[in-house]
Amino acid sequence: MASAALPRAIESKKNGNVKYAFTCAIFASMASIILGYDFGVMSGASLYIKKDLKITDVQLEILMGVMNLYSLIGAFAAGRTSDWLGRRFTVVFAAAIFFVGALLMGFAVSYAMLMAGRFVAGVGVGYAIVIAPVYTAEISPAESRGLLTSFPDFFINLGILLGYISNYAFARLPLYLGWRVMLGIGAAPSALLALMVLVMPESPRWLVKNGRLADARAVLEKTSGTPEEAAARLADIKAAAGIPKDLDGDVVTVPKARNSNETRVWKELILSPTPAMRRILLSALGIHFFQQASGIDSVVLYSPRVFKSAGITADNKLLGATCAVGGTKTLFIPVAAFLLDRVGRRPLLLCSAGGMMASLLGLGAGLTVVGHHPGAKIPWAVALSIASTLAYVAFFSIGLGPITGVYTSEVFPLQVRALGFAVGVACNRLTSGVISMTFLSLSKAITIGGSFLLYAGIAALGCVFFFTYLPETRGRTLEEMGKLFGMADSIVAEEDQSARGEEKVIHPNGRKLDENQETAATASLS
C-alpha cells in the first residue's frame, strides 16, 4: 500500500508543479493584453477620432502607427531594466507606464495630447512585448515551453478582441465621448496586472545570474516535474551563467567580467558576434520582419476600411465584421499552443506562411474586383474578401503569430537573451510602424487590393526563409540551443572563462580558491 501511494504522491506533486508553471506563465502573459487592446481599439476608435478632431489621413496614419516606433524605446530599455530590477518587477513597471498612457489618451482634448498619450503608452507596450515572453520562457520546463511561451500571443489576440468589443460597445456614445472611453478604459487591465504580479516568482535564470541559488532552486522545484529535473535545470543554468558546478550555497558571488557586462553583451551580440551568434541573431530578425511585413497590422488596424472597400458601409456592420476578425484570430491561437510541442515550430511556420500567402492572394483579388466596379454589388467578390480576411488571421494565429515570440525567447544564450529579444522586438516594431504608417498611402498609390497582393509576395519570401534558415527547436532546453546553430560547448566555456578574466572564483563563504582549485573549477565548465 505504501509503495502504491508513493507514485501517486509523486504524480500529484508533478501535476501541481505543472499547474504552477502554467499559472506563472498566464500572469506574465497578461502583460501582452495591453498591446493587443491598444491595436484592437484603435481600429474602430480611429473612425471617430478623425471625425471629432478633424484630422487628415496622413495624421491618422501617423497616430495609428507611431506607437510602434515609440515602443522601440521601451523594448530596448526592457532588456536593461529586466537585468537590473528582475523580470517580475519589469512587468509591473510596464503596466504602470501603460496605465498612465491610457489615461492620457482617454482625457485627450487635442491631437497633440493624444500623441503624447500614444508616446507614453508606446513605451509601456515596448516593455510588455519583451518581458512577457522572456519571463515565460525562462520559467517554463523544456517539454511544455512551446505551449507556455505561446500564451503572450494568445493574450495579445484576446486584447485585440477586447478592443474590438470595446469599439462595438461604446460606438453609440456621443462622438466626443465614445473614442475617449474606448482608449481610457485600457488602463483597467494594467492595474489588474500590477496586482497579479505580486504572486509571481522571479525568473530562476535571473536569480542564478545574480547569485541567488537557493531562491532559484526553490522556483525550479515548484515548476519542474521531479526534483531530479529541477537539479538538472539548475546545473544547466549555472553553467550558462559561468558559475562552476562546485560553487554552491544560498547566495554566491558570481564571477565578474573584466569589461562591463553591458559592453560584453553588445559585443557578443552586435559588434563582433561569432558565426553561430550571427545566425541566431539573423534568425530572430528574420522571423520578426516577416511576421509584420506580411501585413498583419494593416488587417488589424484598418479592418473597418478593408471591409468598407469590400462593400460593407454601415458602422455597426463594419464593427461587427471587425469583431469577427478578432474572434477568429483568438480562436485559432490554442491550435498553435497545443501543436507547438507536438509537431514542432518549423511545420507550423511553413503551414502558416503558406496559408497567409494564399489568403492574401484571395483578399487582393476580391478587393481588386470590387475596386474595378465602383457602386456595383458583386456578392462573390465581397464574400471572397471577407473569407480571405478571416482565413488570413486564422493562418497567422496558428503559426507566425505565436511562434515569433516563442522562437526568439528560445534561441538566444542566457547572457544575451534580454538584449537579443529586445533587438528582435525592435525589428518587429520598426517594420510594423512602417507598414501601419504607409498603408493608406500605399493603398492610394497601388490600390488596396494591390497592397495585399504585395504582402502576399512578402509572405512567399518568408516561406523560403523559414524553410532554408531556421532549425527546429522543439524539445530542447534553453541551454542546448547553441548547438543547433553551431555554437560548440568549448567555445561557450572559453567565452565564460575569458569573461571572468583575472577575477578569482569565490566560494559562498567569501574565501578565494587557491590556484589549483580555481583551475579545477574552471575546467568543470568544459
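Positions within a chain are numbered from 1, following the residues in the order the chain's sequence is written. Only residues with pLDDT of at least 70 get local features here, since the model is predicted, and only at 80 or more are side-chain atom pairs given and counted; chain-wide, interface and lining totals rely on the full set of residues. Hydrogens and waters are ignored; side-chain quantities use all the structure's heavy atoms.

Caption draft 1: Up close: the overall build of the chain. The secondary structure listing takes helices from DSSP runs of H or I that are at least 4 residues long and strands from runs of E that are at least 2 residues long, numbered from the N terminus. Within the chain one finds 25 helices and zero strands. When checking whether two residues touch, look at their non-hydrogen atoms; a contact exists if any pair is within 4.5 Å. At a minimum sequence separation of 6, the contacts of the chain that also span at least 24 residues come to 83%. Values of accessible area rely on a 1.4 Å probe in the Shrake-Rupley scheme; residue burial ignores everything except the protein chains shown. When the accessible surface of the chain is totalled, it reaches about 20,600 Å², and 67% of it is carbon and sulfur.

Caption draft 2: Broad picture of the packing of aromatic side chains. Each aromatic pair joins two rings of Phe, Tyr and Trp (for Trp, the six-membered one) with centres within 6.5 Å, and gets the label stacked for planes under 30 degrees apart, edge-to-face for over 60, and tilted for any other angle. One pass over the full model with this rule turns up nine aromatic pairs. Between F452 and Y455, the ring centres sit 5.7 Å apart and the planes meet at 75 degrees, which makes this aromatic pair edge-to-face. Taken together, the residues span about one helical turn, with F452 and Y455 both in helix α22 (residues 448-469) at a distance of three residues. Between F465 and Y469, the aromatic rings sit 5.3 Å apart at their centres with planes inclined by 25 degrees, giving stacked as the arrangement. One end of the pair is F465 and the other is Y469, both in helix α22 and four residues apart, which spans about a single turn. Buried residues are those whose accessible area, probed at 1.4 Å on protein chains only, stays under 20% of the maximum for their type, while exposed residues exceed 50% and partly exposed ones sit between those limits. For Y469, a relative accessible area of 24% translates into the label partly exposed. An aromatic cluster is defined as three or more aromatic residues linked by ring pairs; in this entry it consists of F289, F290, F465, F466 and Y469. Note that R172 overlies the ring of Y168, its terminal NZ or CZ placed 5.4 Å from the centroid. By the criterion adopted, a ring carries a charge over it if an Arg CZ or a Lys NZ lies within 6 Å of its centre and within 35 degrees of its normal.

Caption draft 3: A look at the pattern of salt bridges. Throughout this description, the term salt bridge denotes a Lys or Arg side-chain nitrogen within 4 Å of a carboxyl oxygen of Asp or Glu. Counting across every chain of the model gives nine salt bridges. Its salt-bridge partner being R87, residue D83 comes within 2.8 Å of it at the nearest N-O pair. Given a relative accessible area of 27%, D83 falls into the partly exposed group. Look at the salt bridges and you will find they share partners, linking D83, R87, E138 and K209 into a network.

Caption draft 4: Molecular detail of helix α3 (residues 57-85). End to end, α3 covers 41 Å across 29 residues, agreeing with the expected 42 Å (1.5 Å per residue, within 8%). In this analysis the local bend is the angle between axes fitted, respectively, to the seven residues ending at and the seven residues starting at the residue. Largest kink in α3: about 40 degrees, centred on G65. Downstream of α3 by one or two residues, G86 has phi in the positive range, about 105 degrees. Every helix has an expected span of 1.5 Å times one less than the residues it contains.

Caption draft 5: Inspection of the nonpolar core at higher detail. The nonpolar core is taken to be a set of buried Ala, Val, Leu, Ile, Met, Phe, Trp, Tyr and Cys residues, with the residues joined through side-chain atoms within 4.5 Å. By size, the foremost hydrophobic cluster in this structure holds 143 residues, and its most contacted members are I49, L114, W179, L183, F452 and F466. Considering every element that reaches this core, the biggest residue donor is helix α5 (residues 111-139), with 15 residues. Filtering out sequence-adjacent residues up to four positions away, I49 remains in contact with M42, K54, I55, L63, L114, W179 and L183.

Caption draft 6: Structural context of the confidence of the model for the chain. Per-residue confidence from the predictor is given as pLDDT, running between 0 and 100. Confidence along the chain averages 79 in pLDDT terms, with 86% of residues attaining 70 or more. Here helix α25 (residues 515-523) is the element of the chain with the lowest mean pLDDT, 33, and α22 is the one with the highest, 93. In the predicted structure, residues 490-526 sits below a pLDDT of 50 and forms 58 contacts with residues beyond four places in sequence or in another chain.

Caption draft 7: Quick look at the environment of L318. Tracing the chain through its elements places L318 in helix α16 (residues 315-331). The buried category is assigned to L318, whose relative accessible area is 2%. On a C-alpha basis, the gap between L318 and S303 in space is 8.3 Å, while along the polypeptide they are 15 residues apart.

Caption draft 8: Quick peek at the side chain of S46. Within the element layout of this structure, S46 appears in helix α2 (residues 31-53). By relative accessible area, which is 5% here, S46 ends up buried. In this structure S46 touches L60 and M64, once residues within four positions along its chain are discounted.

Caption draft 9: Representation of the side chain of S283 within the structure. Tracing the backbone through its elements, the reader meets S283 in helix α14 (residues 275-293). Beyond its immediate sequence surroundings of up to four residues, S283 is in contact with Y407, F465, Y469, L470 and F485.

Caption draft 10: Geometry of the packing of helix α17 (residues 333-343) against helix α18 (residues 345-371). Taken N-terminus to C-terminus, the directions of α17 and α18 make an angle of 130 degrees; their axes are 7 Å apart at the nearest point. One element, α17, and the other, α18, form an angle in the oblique class. Two secondary-structure elements touch here, α17 through A336, L339, L340, D341 and V343 and α18 through R345, P347 and L348. Across the contact of α17 with α18, the residue classes break down as six nonpolar, no polar and two charged. Fitted lines through C-alpha atoms serve as axes, helices being fitted only where they are in contact, and the angles separating the N-to-C directions of these axes extend from 0 to 180 degrees. Our angle categories are set so that under 35 degrees counts as roughly parallel, over 145 as roughly antiparallel, 65 to 115 as roughly perpendicular, and the remainder as oblique. Throughout this entry, Asp, Glu, Lys and Arg are counted as charged residues, while Ala, Val, Leu, Ile, Met, Phe, Trp, Tyr, Cys and Pro are counted as nonpolar. The remaining residues, Gly among them, count as polar.

Caption draft 11: Structural detail: the packing of α5 against helix α21 (residues 417-446). Packing of α5 against α21 leaves a shortest axis separation of 9 Å and a crossing angle of 140 degrees. Between α5 and α21, the interaxial angle falls into the category oblique. The interaxial crossing formed by α5 with α21 has right-handed handedness. Only R417, A418, F421, A422, V425 and R429 of α21 make contact with α5, whose side of the interface consists of I129, V130, P133, V134 and E138. Considering only residue class, the contact of α5 with α21 consists of eight nonpolar, no polar and three charged. Left-handed is the label given to a crossing in which the near helix is rotated counterclockwise from the far helix by less than a right angle, and right-handed is the label when the rotation is clockwise.

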